Amino acid sequence: VLTTVPNGVDGAGLAGSRALVYYCVDDFTNWPGVDATAAASLERELLDRADAVLATSDHLADTRRARHGATVLLPHGVDIAHFAKASDPGTSPWPGIRRGKPVLGYTGLVDPRMDASLMAAVASARRDWDVVFVGPSDTAPDARLRGDNVRFVPAVPYAKVPEVLAAFDVAVLPYVRSELTRSINPLKLREYLASGKPVVATSLAEVARYVPEVHIADTPEDFIREVEAALRATRDRRDTRGAMLADETWDARAAKLLEICEAADASRTR
């Protein structure tokens, strides 16, 4: 049994299974709206019983160690060829995003992890840029993210995300720095990198390892400066990024996941 949530501990032994593996993708004890006490209790029980833990970030691997069995870092993967289409000359930008200004774009869930204050300040200071968020939102957009150069676009199918990225001049990853984001390894980070587009992000631990392919900034002034630098730089970095991400494909991640699960099963069987 493979679970990605703490209450998956109830799946131990399901259908005669021999091993229980925790694929830890987030810090649910700090997730907005989650009962932290209940989540922590369930996670302690899960770590007591798990035969292996797979964690998507170093912080999760350090703080969610299996009481017995292996704890392995397994970050998210990426479909390099799919997202590289964003910089292909033949890829048409998703309609409704570009309108004559440089586009600072974000793809994915818009939620409280977003540093709304930072992006509002950037948008206010640079009216000559468009700030565009493409994806679903679990709440109404933050009231600070208003202005004629700030827009929200509904989610698009996965197959069309390269067309969205094709419309961006700079891809942004503006997460707040908090106990929750200390644990995350954003899925979109590798997608941005594979697209070849310039990337500007806040200083998350898992993002910093990709410098200099990612520009890091935490204040509005620094963010503006790094976007300006990104706009001046080479716009298509696919060759360098492809080599950097060669071992980070979903196929490679899946092979590692199966290897750990099979080892956990073999260990439990013995």
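Scroll up for the structure.
Quantities reported herein were computed from a predicted structural model and do not represent experimental measurements.

S.K.: Please provide a residue-by-residue account of the packing of aromatic side chains, values included.
M.R.: Any two aromatic rings considered together are summarised by their centre-to-centre distance and by the angle between their planes. Using the criterion set out here, one finds four aromatic pairs in the structure. Ring centres 6.4 Å apart and planes at 45 degrees place the aromatic pair Phe28 and Trp31 in the tilted group. By relative accessible area, Phe28 is classed as buried at 16%. Note on Phe133 and Phe152: the rings are 5.1 Å apart at their centroids and 20 degrees apart in plane angle, and the pair reads as stacked. Placement of the pair is Phe133 in strand 6 (residues 130-134) and Phe152 in strand 7 (residues 150-153), with a sequence separation of 19 residues. For Phe133, a relative accessible area of 1% puts it in the buried group. Every member of this aromatic cluster is reached through a ring pair, and the members are Tyr106, Phe133 and Phe152.

S.K.: Requested: an account of the sheet that holds strand 4 (residues 70-73), with residues and values cited.
M.R.: What holds strands together in a sheet is hydrogen bonding between their backbones, with the strands either parallel or antiparallel. Pairing in this open sheet of four strands is parallel, and the strands run 1-2-3-4 from one edge to the other. Every interior strand has two partners, whereas the edge strands, strand 1 (2-3) and strand 4, have only one. Bridge analysis of strand 1 against strand 2 (residues 21-24) gives two bridges, and the strand direction is parallel. Within the sheet, the bridge partner assigned to Leu2 lies in strand 2 and is Val21. Across the sheet, helix 1 (residues 36-49) lies against strand 1, strand 2 and strand 3 (52-55), angled at about 130 degrees from strand 2, the strand it touches most.

S.K.: Any details on the layout of surface pockets? Residues and values, ideally.
M.R.: Taken as a whole, the largest pocket encloses approximately 500 Å³ of empty space. For the lining of the largest pocket, the leading source of residues is helix 6 (residues 187-195), giving three residues. Residues belonging to the lining of the largest pocket are distributed by class as follows: 14 nonpolar, six polar and four charged.

Reading the values: rules and limits
- Residues numbered from 1 in each chain as written.
- Predicted model: local features only at pLDDT ≥ 70, side-chain atom pairs only at ≥ 80, totals over all residues.
- Heavy atoms only, no water.
- Phe/Tyr/Trp six-rings, centres within 6.5 Å; stacked < 30°, edge-to-face > 60°.
- Buried < 20%, exposed > 50% of the residue type's maximum accessible area, 1.4 Å probe, protein only.
- Helix = DSSP H or I, 4+ residues; strand = E, 2+ residues; numbered from the N terminus.
- Pairing = 2+ DSSP bridges.
- Contact = heavy atoms within 4.5 Å.
- Axes fitted to C-alpha atoms, helices over the stretch in contact; angles between N-to-C directions.
- 1 Å grid on protein atoms, 1.4 Å probe; cavity = no way out; pocket = protein on both sides within 12 Å on 5 of 7 lines; lining within 4 Å.
- Points joined across faces, edges and corners; volume = space filled by probe spheres on them.
- Nonpolar A, V, L, I, M, F, W, Y, C, P; charged D, E, K, R; others polar.

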